[in-house]
Amino acid sequence: MHRNSCSHGSFKLTPVEDFKIFAGFSCLKPNDTDRDLEEFIREDAERHFKDKIAVTYCLVEESAPETPIAFATLQNDAIIVEKDNPLPELGDSYHYPAYPAVKIGRLGVVLEMQGKQMGKLLLHLIKMLMLDANRTGCRFLTVDARRDRKNKENVIPFYQKCGFSVLSCRASTSKYTPMYFDLSSIV
């Protein structure tokens, strides 16, 4: 494993340096009315990277490194807890008001590869990347799982299948449910 990338079989997760690879990337069905995810990867991800707001990682097959299969944008986060609403994984061992996390800000799988376990593989590789050498003391991954009734989209079950739980100490909105994954659960 290279410091900022990791592999599984013929697939590789690596940080994006040239955002032009997303020029033809499409992860939304033509009838989806909310184009925010594609607009982000084409128009905003590079600026977020240059301004040190987030880093975008790309999943590719090693035989076709210029053809993105999926992407995830990662940024620092913290889980803020209250005494009456602690994280069950921590028990009574720590009494901090916040715990380090990495947030998956955006995640998309190219339309042709959806339903082929690429999102699950992407999350697995992100988990492995965060566990490698424990570079930052990150304990949790977080995500705001999207629910879009208009497009009949609800990704909460996907994240639950990948081991994420609802983060009850953060409020849900009409479109997002905060979720988390405890990296220490991987043995």
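All values derive from a computational prediction rather than experimental measurement.

Q: I'd like to hear about helix H1 (residues 36–50), residue by residue, with values.
A: Across its 15 residues, H1 extends 20 Å between first and last C-alpha, which sits within 8% of the 21 Å expected from 1.5 Å per residue. Of all the bends in H1, the largest measures some 55° and sits at aspartate 44. All of the buried residues in H1 are Leu37, Glu38, Phe40, Ile41 and Ala45. Buried positions along H1 lie against strand E3 (55–61), strand E4 (70–80) and strand E5 (98–109).

Q: Any chance you could break down the side chain of aspartate 182 for me, citing the residues and the numbers?
A: Structurally, aspartate 182 is set in strand E9 (residues 176–182). Side chain to side chain, aspartate 182 and arginine 139 meet in a polar contact 2.6 Å long. In contact with aspartate 182, other than residues within four places in its own chain, are Glu89, Arg139 and Phe140.

Q: Hey, could you go over the pairing of strand E2 (residues 11–15) for me, with residue numbers and the actual values?
A: Of the strand pairs in this sheet, strand E1 (residues 6–8) and E2 are connected by three bridges, and their pairing is antiparallel. Across the sheet, the residue bridging to serine 7 is lysine 12, located in E2. Where E1 hands over to E2, the hairpin turn is made up of two residues, of which glycine 9 adopts a positive phi near 60°. Two elements, E2 and E3, share five bridges in a ladder whose sense is antiparallel. Of the residues in E3, the one forming a bridge with leucine 13 is leucine 59.

Q: Quick one: what's the story with the nonpolar core, residue by residue and with numbers?
A: Formed by 32 residues in total, the largest nonpolar core has its most connected members in Leu59, Ile104, Ile126 and Phe164. Elements with a minimum of two residues in this core: E2, E3, E4, E5, helix H2 (118–131), strand E6 (140–148), helix H3 (156–161) and E9. Take this core: its biggest share by element is eight residues, from H2. If we ignore the near neighbours within four places in the chain, the residues touching isoleucine 104 are Ala72, Thr73, Leu74, Leu123, Ile126, Thr142, Val143 and Phe164. If you look at the next biggest cluster of nonpolar residues, it comprises 15 residues, including Val16, Phe19, Cys27 and Cys58.

Cut-offs applied
Residues numbered from 1 in each chain as written. Predicted model: local features only at pLDDT ≥ 70, side-chain atom pairs only at ≥ 80, totals over all residues. Heavy atoms only, no water. Helix = DSSP H or I, 4+ residues; strand = E, 2+ residues; numbered from the N terminus. Expected span 1.5 Å × (residues − 1). Bend = angle between axes of the 7 residues up to and from the residue. Buried < 20%, exposed > 50% of the residue type's maximum accessible area, 1.4 Å probe, protein only. Contact = heavy atoms within 4.5 Å. Polar contact = N/O pair within 3.5 Å; in protein donor to acceptor, adjacent residues only side chain to side chain. Pairing = 2+ DSSP bridges. Core = buried A, V, L, I, M, F, W, Y, C linked by side-chain atoms within 4.5 Å.

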